[in-house]
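Per-entry structural report
One-letter residues, chain by chain:
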Amino acid sequence: MSSQATVHHDHHDDHHPTGIMRWLTTTNHKDIGTMYLVFSLIMFLLGGIMILGVRAELFQPGLQLVKPEFFNQLIGVHALIMIFAALMPAATGFANWMLPLQIGAPDMALPRLNNWGFWLLPPAAILLTLPFTLALFGIGDGAIATGWTFYAPLSVQGGIGVDFAIFAVHLLGVSSVLGSINVIVTILNMRAPGMTLMKMPMFAWSWLVTAFLLIATIPVLAGAVTMLLTDRHFGTHFFDAAGGGDPILFQHLFWFFGHPEVYIVLLPVWGFMPQILQTFSRKPMYGYKAQVYSLWAIGILALVVWAHHFFTVGMPVPALLYFMYSTMSISLPLAVLFFCWIATIWKGSLTFETPMLFAIGWIVLFGIGGLTGLVLADVAADAQYHHTYFVVAHFHYTLFAGGIMGIMAGVYYWLPKMTGHMFSERLGKLHFWLTAISFNLTFIPQFFLGLAGMPRRIPDYALQFAEFNMISSCAAFVLGLSQLIFVYNIISCVRGGKKATNKVWEGAEGLEWTLSSPPPYHSFTEQPVVK
Amino acid sequence: MASVNQREKNSQPKSNKKLVIRLLWLVVAAAVFGFALVPLYNVLCSVTGLNGKTNNTADLSKTVVDKNRLVTVEFTSTVMPGLGWDFYPQQNRITVHPGQVETVNFLAKNVTNQPVVGQAVPSVSPGQASLYFKKIECFCFQHQELKPGESKVMPLRFYVSPSLPQNIGTVTLSYAFYSVNK
Ligand code: HEM
Ligand SMILES: [Cu+2]
């Protein structure tokens, strides 16, 4: 974006409540953004601890540490937490913090709604994890044990953990829909004078697509889990074959949401990543328009390819062919995006500060995720790979490398702006290299385990898989521990450090960099004019 | 600048409200769509046989036996959790000409000490074959009740329609027996 801005800001001396009441009642977009980000970080650590329990069990063949039932619960809750309570809130946190700053708005359009949107999350997280604790006191048999996909009939037969998870999904869904409405209204109505749609920062475009996807799919998920609830308790038979229902129907409903969901968590990253790349390449973003059109193309295609998640249920051949080709066609706009990202850094004057390291690592690793997705989209190949560790490795290259590492790039990029202090570059770089290396060591073996036929979501395995599982488990612990560096770096950056300039990064462009670091509590009380 | 600000202050809340209401309609539309998928899916399945459901009964009058073709029909059975029965087909597979009426017996035994009512739910794979699998008489048409310890022979009379697509040589019929709570 090559827009110039003039900024005026008055310093208000609003009195707002302090302490806990400030956070409970705040309608300030920066406060709410901070809460989302902190919540996300805590949940990321919690979800990480759960999966380390799983990797510890998988360190050796045989059953050593946990019961199979508990193993299943750990896997399912790990995924639900990482997707709904870590990745999505992180993206929403950035939206709250940065969208108003980037488009020159004083705040989000619907500040009070914004506050509710956030405060629905902690109860949802409690609902998800409470059954673990209840089981300790002999109530129920633990958390949801169906995996994050809630497949019927297992979810119809499961214990109270399923009910808790259903209500958690309801809360999370309401929160996401509220957040989406807020984002759309903010972007469409609150842009600074002169900022036409085609001058918007890419992050705003990507969030616009994300918000529409959420509005289109979250109600379907909410409907599906509601049907599940009535099947469980009120005698309906949506998914219960005994009463004429159909478990496969659940898979359709779930993945109608579930596939767009994977783009929902990534689109915001695709939005700010080009901004990071252009900052550290010191040249304008390549192919702005092509990127905008690709984002929309992916958003729309994402709604019509869902059945590639269950190619093996016994679909007729024409349906298989349709879902195979439509899935593969998503890689075309995705390839356009990759091309634009690479062209943006091509022949730039690159420097490799921590955010840039994460951004470059992200391009490479997310690329592997996309390519392996293409392999899975092949119906004939998927018959072998489905429900193996190959799929697990695929979606961790997309969700951990493409999602979490992307979010980390964003954190390092904007942290000085948000806190007013520089973080430790040395620790940041250490964090990057440890994360990148241990991530690959964790998941590359899983590709091979999957190819060799190791099924996912099983606590025990054949002896032939032992070495690769051991490597994967060891690396997973390094990966987990490395994140403590990240946490330490953030905390010490919040507490103090070298003062950050307004622009923070030499090549940074965009309205957020015209404000002080940290920005005043009320920014852009008078809107800047974009020429 | 001042005038811009003035305009923004006056006009924004109203247009925000309009947009929010439109977006809420979108949310409602998505929710309705989600629930509409249920009947849509069921219609699609019963037209195409996609999910292998075979609730069609047969009319025998105008079938001709196709002596030139043989089709293998396999039988499997599952007793679902909560039903204390033994249940299995007397023969696992049988070869028939399309159009030829056959009877296969299933054996059920209540191994509990209470009377139990069950319902069998059939499913055919491959799904496309389900439209061509015709049942004339089946224990799955009604609830079945067994007294404690009682055994029962449950017959199935069926034929495979001669219009079964040529590329299908084997049809598997699977029964899942569920308990019916009264
Ligand atoms: C060109 C791009 C992509 C293609 C063609 C693709 C294709 C596929 C296919 C066919 C499967 C199903 C595999 C199976 O279960 O047998 C799958 C699973 C999955 N993909 Fe992708 N994918 C792509 C990109 C992505 C991205 C960008 C994300 C996430 C951000 C993602 C996340 C997932 C997840 C989470 C699963 C597994 C879900 C589960 O079963 O729990 N994929 N992908
Ligand atoms: Cu998908």
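In every chain, residue numbers begin from 1 and rise along the written sequence. Here the convention is simple: chains get letters from A, ligands get numbers from 1, in the order in which they are written. Confidence filtering applies because this is a predicted model: local features only for residues at pLDDT of at least 70, side-chain atom pairs given and counted only at 80 or more, and all residues used for totals across whole chains, interfaces and linings. By convention in this description, side-chain values take in all heavy atoms of the structure and omit both hydrogens and water.

When helices and strands are tallied, chain A shows 16 helices and 2 strands. Computation of the radius of gyration draws on C-alpha atoms, with the globule rule given as 2.2 Å multiplied by the number of residues to the power 0.38. Taken over C-alpha atoms, the radius of gyration comes to 23 Å for chain A, in line with the 24 Å a tight globule of 531 residues would show. Once the C-alpha set of chain A is aligned to its principal axes, its extents read approximately 65 × 50 × 45 Å. Summary of the burial criterion: residues with accessible area below 20% of their type's maximum are buried, those above 50% are exposed, and those between are partly exposed, where the area comes from a 1.4 Å probe applied to protein chains only. Residues classed as buried in chain A amount to 61% of the 531 residues present. Counting only contacts in chain A whose residues sit at least 6 apart along the sequence, the fraction spanning at least 24 positions is 82%. Accessible surface area values rest on a Shrake-Rupley calculation with a 1.4 Å probe, where residue burial reflects the displayed protein chains alone. About 19,400 Å² of surface is accessible on chain A, with carbon and sulfur atoms providing 71% of the total. Helix numbers and strand numbers start at the N terminus; a helix is a DSSP run of H or I with at least 4 residues, a strand a run of E with at least 2. Two residues form a contact once any of their heavy atoms are found within 4.5 Å.

What follows is about the coordination of the iron atom of ligand 1. Residue and element names in this part refer to chain A. Because water is not among the atoms used, a metal site may look incomplete, as its donors are only the N, O and S atoms within 2.8 Å, or 3.2 Å for Na, K and Ca. The protein supplies the iron atom of ligand 1 with one donor atom, H394 (NE2), which lies at 2.1 Å. A distance of 4.6 Å spans the gap from the iron atom of ligand 1 to the copper ion (ligand 2). With respect to the element layout, H394 can be found in helix α14 (residues 389-419).

With that out of the way, let us pick up the coordination of the copper ion (ligand 2). All names here are of chain A. Distances from the copper ion (ligand 2) to its protein donors, H259 (ND1), H308 (NE2) and H309 (NE2), fall within 1.9 to 2.0 Å. By relative accessible area, which is 13% here, H308 ends up buried. Classification of H309 by relative accessible area gives partly exposed; the value is 22%.

Attention now moves to the interface of chain A and chain B. Facing 35 residues of chain A, the contacting portion of chain B comprises 28 residues. Between chain A and chain B the total buried area reaches about 2,700 Å² when both faces are included, carbon and sulfur atoms providing 72% of it. A pair is scored as a salt bridge if a Lys or Arg side-chain nitrogen falls within 4 Å of a carboxyl oxygen belonging to Asp or Glu. At the boundary of chain A and chain B, one finds 0 salt bridges. We define buried area as the total accessible area lost by two parts upon association, computed with a 1.4 Å probe and summed across both.

Residue and element names in this part refer to chain A. Axis definition: a line fitted to C-alpha atoms, limited for helices to the stretch in contact. Angles are taken between N-to-C directions and run from 0 to 180 degrees. Relative orientation of the contacting elements helix α11 (residues 317-345) and helix α12 (residues 354-377) amounts to 160°, with a least axis distance of 10 Å. What the angle tells us is that α11 and α12 run roughly antiparallel. For the pair α11 and α12, the sense of crossing is left-handed. Across the interface between the two elements, M324, T327, M328, S331, L334, F338, W341, I342 and I345 of α11 pack against M356, I360, W362, I363, F366, G367, L374 and A377 of α12. All residues other than Ala, Val, Leu, Ile, Met, Phe, Trp, Tyr, Cys, Pro, Asp, Glu, Lys and Arg, Gly among them, are scored as polar; the first ten of these are nonpolar and the last four charged. A breakdown of the residues in the contact of α11 with α12 according to their chemical character gives 14 nonpolar, 3 polar and no charged. For this classification, under 35 degrees means roughly parallel, over 145 means roughly antiparallel, 65 to 115 means roughly perpendicular, and everything else is oblique. Each helix crossing is assigned a hand: it is left-handed if the near helix lies turned anticlockwise from the far helix by less than a right angle, otherwise right-handed if that turn is clockwise.

So, on to the sheet that holds strand β2 (residues 85-89) of chain B. Residue and element names in this part refer to chain B. The 4 strands lie next to each other as β2-β4-β8-β6, forming an open sheet whose pairing is antiparallel. Two strands close off the open sheet at either side, each with one partner strand: β2 and β6 (133-138). The mean angle between the axes of side-by-side strands here comes to 25°, regardless of whether they run parallel or antiparallel. One ladder, built from 5 bridges, connects β2 with strand β4 (residues 102-110); its direction is antiparallel. Across the sheet, Y88 pairs through a bridge with L107, a residue of β4. Only strands that DSSP links by at least two bridges are regarded as paired with each other.

Inspection of the secondary structure puts Q60(A) in the loop between α2 (29-57) and α3 (68-103). Residues Q60(A) and G420(A), spaced 360 residues apart in sequence, show a C-alpha to C-alpha distance of 47 Å.

Take the buried Ala, Val, Leu, Ile, Met, Phe, Trp, Tyr and Cys residues and link them wherever side-chain atoms come within 4.5 Å; each set so joined is a nonpolar core. Core analysis: the biggest nonpolar cluster contains 195 residues, and F150(A), W207(A) and W270(A) have the highest contact counts within it. Ranked by the residues each element gives to this core, the list is headed by α3(A), at 23 residues. Excluding anything up to four places from it in sequence, W207(A) contacts A91(A), T92(A), A95(A), L99(A), V183(A), I187(A), L214(A) and P268(A). Core analysis: the second largest hydrophobic core is formed by 30 residues, F106(B), V116(B), A129(B) and L173(B) among them.

All names here are of chain B. With respect to topology, 5 strands assemble into an open sheet ordered β3-β1-β9-β5-β7, the strand pairing being mixed. The open sheet is flanked by β3 (93-96) and β7 (144-146), the only strands paired with a single partner. Adjacent strand axes in the sheet meet at a mean angle of 30° when their direction is disregarded.

Turning to the pattern of salt bridges, a few remarks are in order. Residues and elements named next belong to chain A. Under the definition given, this model contains 5 salt bridges over all chains. The closest approach of N and O atoms between R232 and D163, which form a salt bridge, is 2.8 Å. On the criterion of sequence distance, the pair formed by R232 in helix α8 (residues 202-233) and D163 in helix α7 (residues 160-189) is long-range, its members being 69 residues apart. Given the relative accessible area of 11%, D163 is considered buried. R282 is the partner of E506 in a salt bridge, and the nearest nitrogen-oxygen pair spans 2.5 Å. Here R282 lies in the loop between α9 (247-281) and α10 (288-301) and E506 lies in the loop between α16 (466-495) and β2 (526-530), a separation of 224 residues in the sequence. Taking the relative accessible area as the measure of exposure, R282 reaches 27% and is therefore partly exposed.

Another aspect to go through is the site of ligand 1. Residue and element names in this part refer to chain A. A molecule or strand has a residue near it when one of that residue's heavy atoms lies within 4 Å. The local shell around ligand 1 holds 24 residues, among which W148, D382, H386, H394 and R456 are the closest. Polar contacts here mean pairs of N or O atoms no more than 3.5 Å apart (in protein, one a potential hydrogen donor and the other a potential acceptor; neighbouring residues in sequence count only if both atoms are side-chain atoms). H386 places a polar side-chain atom, nitrogen or oxygen, 2.6 Å from an oxygen atom of ligand 1. Taking R456, its side chain carries an N or O atom lying 2.9 Å from an oxygen atom of ligand 1. Those elements that provide at least two residues to the shell around ligand 1 are α9, α11, α12 and α14. In terms of residue count, α12 provides more of the shell around ligand 1 than any other element does, 6 residues in total. Classifying every residue of the shell around ligand 1 by side-chain character gives 13 nonpolar, 9 polar and 2 charged.

Regions with low pLDDT carry predicted coordinates that are not meant to be interpreted in detail. When pLDDT is averaged along chain B, the result is 82, and 83% of the positions lie at 70 or above. Here the predicted complex carries an ipTM of 0.84, next to a pTM of 0.89. Per residue, pLDDT captures the predictor's confidence, and it can take any value from 0 to 100.

The next point concerns the packing of helix α4 (residues 111-119) of chain A against helix α5 (residues 121-136) of chain A. All names here are of chain A. Across the interface, α4 lies against α5 with an axial gap of 4 Å and an inter-helix angle of 15°. When the interaxial angle is binned, α4 and α5 end up roughly parallel. On α5, the residues that touch G117, F118 and W119 of α4 are L121, P122 and P123. Of the residues in the contact of α4 with α5, the class split is 5 nonpolar, 1 polar and no charged.

This part takes up the state of the cysteines. All names here are of chain B. The definition used for a disulfide is geometric: two cysteine sulfur atoms within 2.5 Å. The full count for this structure, using the stated rule, is 1 disulfide over all chains. Paired through a disulfide, C138 and C140 show a sulfur-sulfur distance of 2.3 Å. One quick way to see it: the torsion about the S-S bond of C138 and C140 is about 130°, and its sign makes the bridge right-handed. Accessibility expressed as a relative area gives 5% for C138, which makes it buried.

So, about the pairing of β3(B). All names here are of chain B. Only one face of β3 is buried, namely the one carrying I94 and V96, since none of R93 and T95 on the opposite face is buried. Where strand β1 (residues 71-79) lies against β3, 4 bridges are found, and the strand directions are antiparallel. When the bridges of β3 are listed, V71 appears paired with V96.

Here we come to the environment of F477(A). The residue F477(A) is located in helix α16 in this model. Distance from F477(A) to Q157(A), taken between C-alpha atoms, is 34 Å for residues 320 residues apart in sequence.

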